[in-house]
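In case you want the letters, here they are:
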Amino acid sequence: MNSIRTYLVVMLVAAFSLVSFIAALNGYLSSMREAEKLLDKQLAHASDILRLARTEGISSRVMDQRDGEFAFQVWREGELLLASEGSPAAPIGDFSEGYRYANFSGYRWRTYTLQAENKTVFVVAERADLRHLVAEKVVLESVLPLLLWLPVSALLVWLLVGWGLRPLRELSNQINTRRSDDLSPVRVRRPPRELVQLIDSTNSLFARLAAAFEREKQFASHAAHELRTPLSVLKVHLHNIAADLPPGAPALEHANAGVERMHHLVEQILDLSRTHPELIQAKFSELDLHSLCQRVTAAAWPRFTGKAQVLSLEGSPAPMSGDPALLETLLGNLLDNAAKYCPREAEIRVSVSMEDGYPVLAVDDSGPGIPAHERQRVFERFYRMGGSGGSSGSGLGMSIVAHIVTVHSARIELVDSDLGGLGVRIHFPAASS
Amino acid sequence: MLINSVVLVLREVLEASVLISVLLAMTVSLRLSLRWLLLALPLTVVAVVLFAFSLDSMTDALDGAGQEVVSALLQVLVFVALVCVVFVATRVGRSASVMAQPMAIFMALATLCALTRECSEILIYITGFATSEEHRTAVFAGSAIGATIGLSVGVLLYAALNSLPERRVIPVCHALLALIGAGMVMQSSMLLEQVDWLPSARQLWDSNVLVNEQSLTGQLLYAVFGYEATPSLLQVSLYLGSVALVVCAWWAGQVVGSTVDAA
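Throughout what follows, the structure given in this document is the object of discussion. Small disclaimer: the values here were computed from a predicted structure and weren't measured.

**Considerations on the nonpolar core**
Inference 1: Counting 72 residues, the largest nonpolar core has B:Leu23, B:Met26, B:Met103 and B:Leu177 as the members making the most contacts within it.
Inference 2: Setting aside residues no more than four positions away along its own chain, B:Met26 makes contact with B:Val85, B:Ala89, B:Met103, B:Met107, B:Ile170, B:Cys173, B:His174 and B:Leu177.

Below is the structure:
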């Protein structure tokens, strides 16, 4: 039972049923005893009436109406003076006064013996099973409603428990439905005492998280400024030094390449920090993925011509909801990787399509590809295939892609491309969602 | 009639619900799947239907002792399954993935046999009175009350077992299974004694003064722990032997577990 409501309802109904049914059984037994006493009194009255009838000379035939359910005998000094039809010839039990049970005529009987004056003994008898049946019918009427109303009380318990758990549900809904970057305090209207502590702890946790995220965000922007400035200064100095050195000096070439790589790494680290799903405040808008790809591929074109690589764009308009800047970064990183890792004259194809109403972005190349067992690892930070430091990549491009995919609630998969290299497929949600 | 129906149905339902509650509490505590219950319930329905259809021939079999012997056999099977549950449960703590399946099979077997016997008894009783108009209401009402009380006790027992500290749940469940299992053996011995398959021996004591066998408490104690106010030496031996067997199963599970772990 994983639900508090189900657990409470089952336990409460069980406890309620147990207690009320045991009480009902006790009531039933007491009522049956009282009914038996009442019927015994009636039996004693019947013996009185029989005695009176005998004394007054009234025919006792009036007593003999309940055919087969009632019997009597009148004895005096061992002689049977009078008996109802169907009563045995032998005495029904002994002649001492009082109630007892006797068996005759195939039934069990409740008898009452009355000793009157001049040694006359009046014995009246009533069938025990019928007496019990009558009493039970009466008592059952008070027990049955309890049984029949049990489902109603269970339903009431279900509703009341649900009502009682409403603040908890409200709290859970507030936490579940809030955006991932919404760390404002939760507010429950008139929270019960049991929940106040939980709400306070949750709000305190949210406040600490918000402060931590803010610190991280500020660190990223400060780091951007602090790292970019000296790099720019370094570039200026290198430019000045270039004027004093002969053109194509190897040391200067190496220094320029190193600064460029550092510049790229800093930009990638900042992109990675900026695109973190927990920190980013994406600006979503309706856009056409195909048009966006056109812009990005056009801008990336010069990178491919240097290595005589062929870049193509295929597909048709694909409307979707997304952050244009982030999507440009995403495709830019994918193209950057393709340009870096594919050999000269390789073919790179970007295609946009709609599959079952969902936009899909595909980037295929004819490069070396990625072995299946390494495909998941390329999304790890600073992971470079084969651990080689041969390429100029920072090992952050695919991590940035993964962040942007998460922000767009999309799904990314790496497959074998029909061009012979790696195929990247990104399945975006439909525009309306 | 109402009170008779309550007692009879309560006796049967209580026996089953206590057993299932203990097995459920063990399942939850050992973090096993509830598949055994899903397996046992439909099989019980099939078994009860078969039981009902073959009731006449079963009653006439073995010189009129067929029904009692089948009931006794089912109870002994429940006991055997419970002994296996205790043995395997001790091992589950060590290698859950390996022992989960045999555990589920033994739990399902115990539940199937117990439910088949008890549901059949209730079915025979209720169908016997279904045609009697004057008793029908009392019998149905009594049966419903008895069944509800029995189920409620089972549910509350399950909650009580679950509220125990984690390390106490399994030992308490084992102790309850030992008593329930021994009670089953005791009941089966009484049934076999009724049909003269076991000799009627001299009674060892009479505890009717303390708890009358025919009282409600006596009947319920009989249902859960096989209470007998005037037991014979054979019955007492069987009861104690059954408890000892469950303890041995627990001990054997521990020893085998330690040996395997050491290897």
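Okay, back to it.
**Thoughts on the pairing of strand 4 (residues 107-115) of chain A**
All names here are of chain A.
Inference 1: With seven bridges connecting them, strand 3 (residues 98-104) and strand 4 associate as antiparallel partners. From the neighbouring strand, Arg 100 faces strand 4, where its bridge partner is Thr 111.
Inference 2: Two strands pair when backbone bridges link them, and strand 4 and strand 5 (residues 120-127) are joined in this way by seven bridges, in the antiparallel orientation. For Gln 115, the partnering residue across the bridge sits in strand 5 and is Val 121.

**Here's the deal with the pattern of salt bridges**
Residues and elements named next belong to chain A.
Inference 1: Evaluated as defined, the whole model comprises 22 salt bridges over all chains.
Inference 2: Note that Glu 36 is salt-bridged to Arg 131, the shortest N-O span being 2.9 Å. Here Arg 131 lies in helix 2 (residues 128-148) and Glu 36 lies in helix 1 (residues 4-56), a separation of 95 residues in the sequence. No difference in accessibility class separates Glu 36 from Arg 131, as the two residues are buried.
Inference 3: Close ionic contact of Arg 131 with Glu 126 constitutes a salt bridge, the shortest N to O distance being 3.4 Å. Comparing Arg 131 with Glu 126, the two get one shared label, buried.
Inference 4: Sharing partners across several salt bridges, the network here consists of Glu 36, Asp 40, Arg 110, Glu 126 and Arg 131.

**Examining the sheet that holds strand 3 of chain A**
Across a sheet, strands are paired by hydrogen bonds formed along the backbone, either parallel or antiparallel in direction.
All names here are of chain A.
Inference 1: With antiparallel pairing, five strands are arranged side by side in an open sheet as 2-1-5-4-3. Pairing within the sheet leaves two strands with one partner each, and these edge strands are strand 2 (79-83) and strand 3. Neighbouring strand axes in the sheet, compared pairwise and without regard to direction, differ in orientation by 30° on average.

**Some remarks on the interface of chain A and chain B**
Inference 1: Of the residues lining the interface, 21 residues belong to chain A; the matching set on chain B comes to 19 residues.
Inference 2: Considering only the side of chain A, the residues that lose the most area to chain B are A:Leu18, A:Leu25 and A:Leu133, jointly responsible for 27% of the buried surface there.
Inference 3: Linking chain A with chain B are zero salt bridges, by the criterion used here.
Inference 4: Applying the counting rule to chain A against chain B returns one residue pair in polar contact (both at pLDDT 80 or more).
Inference 5: Looking at the side of chain A that touches chain B, the elements that each hand over two or more residues are helix 1 and helix 2 of chain A.
Inference 6: Here the element with the most residues in the side of chain A that touches chain B is helix 1 of chain A; it accounts for twelve residues.
Inference 7: Residue composition of the side of chain A that touches chain B, by class: 18 nonpolar, two polar and one charged.

So, how was this worked out
Residues numbered from 1 in each chain as written. Chains lettered and ligands numbered in written order. Predicted model: local features only at pLDDT ≥ 70, side-chain atom pairs only at ≥ 80, totals over all residues. Heavy atoms only, no water. Core = buried A, V, L, I, M, F, W, Y, C linked by side-chain atoms within 4.5 Å. Buried < 20%, exposed > 50% of the residue type's maximum accessible area, 1.4 Å probe, protein only. Contact = heavy atoms within 4.5 Å. Pairing = 2+ DSSP bridges. Helix = DSSP H or I, 4+ residues; strand = E, 2+ residues; numbered from the N terminus. Salt bridge = Lys/Arg side-chain N within 4 Å of Asp/Glu carboxyl O. Axes fitted to C-alpha atoms, helices over the stretch in contact; angles between N-to-C directions. Buried area = accessible area lost by both parts, 1.4 Å probe. Polar contact = N/O pair within 3.5 Å; in protein donor to acceptor, adjacent residues only side chain to side chain. Nonpolar A, V, L, I, M, F, W, Y, C, P; charged D, E, K, R; others polar.

Everything listed here is a matter of geometry and, on its own, says nothing about what the molecule does.
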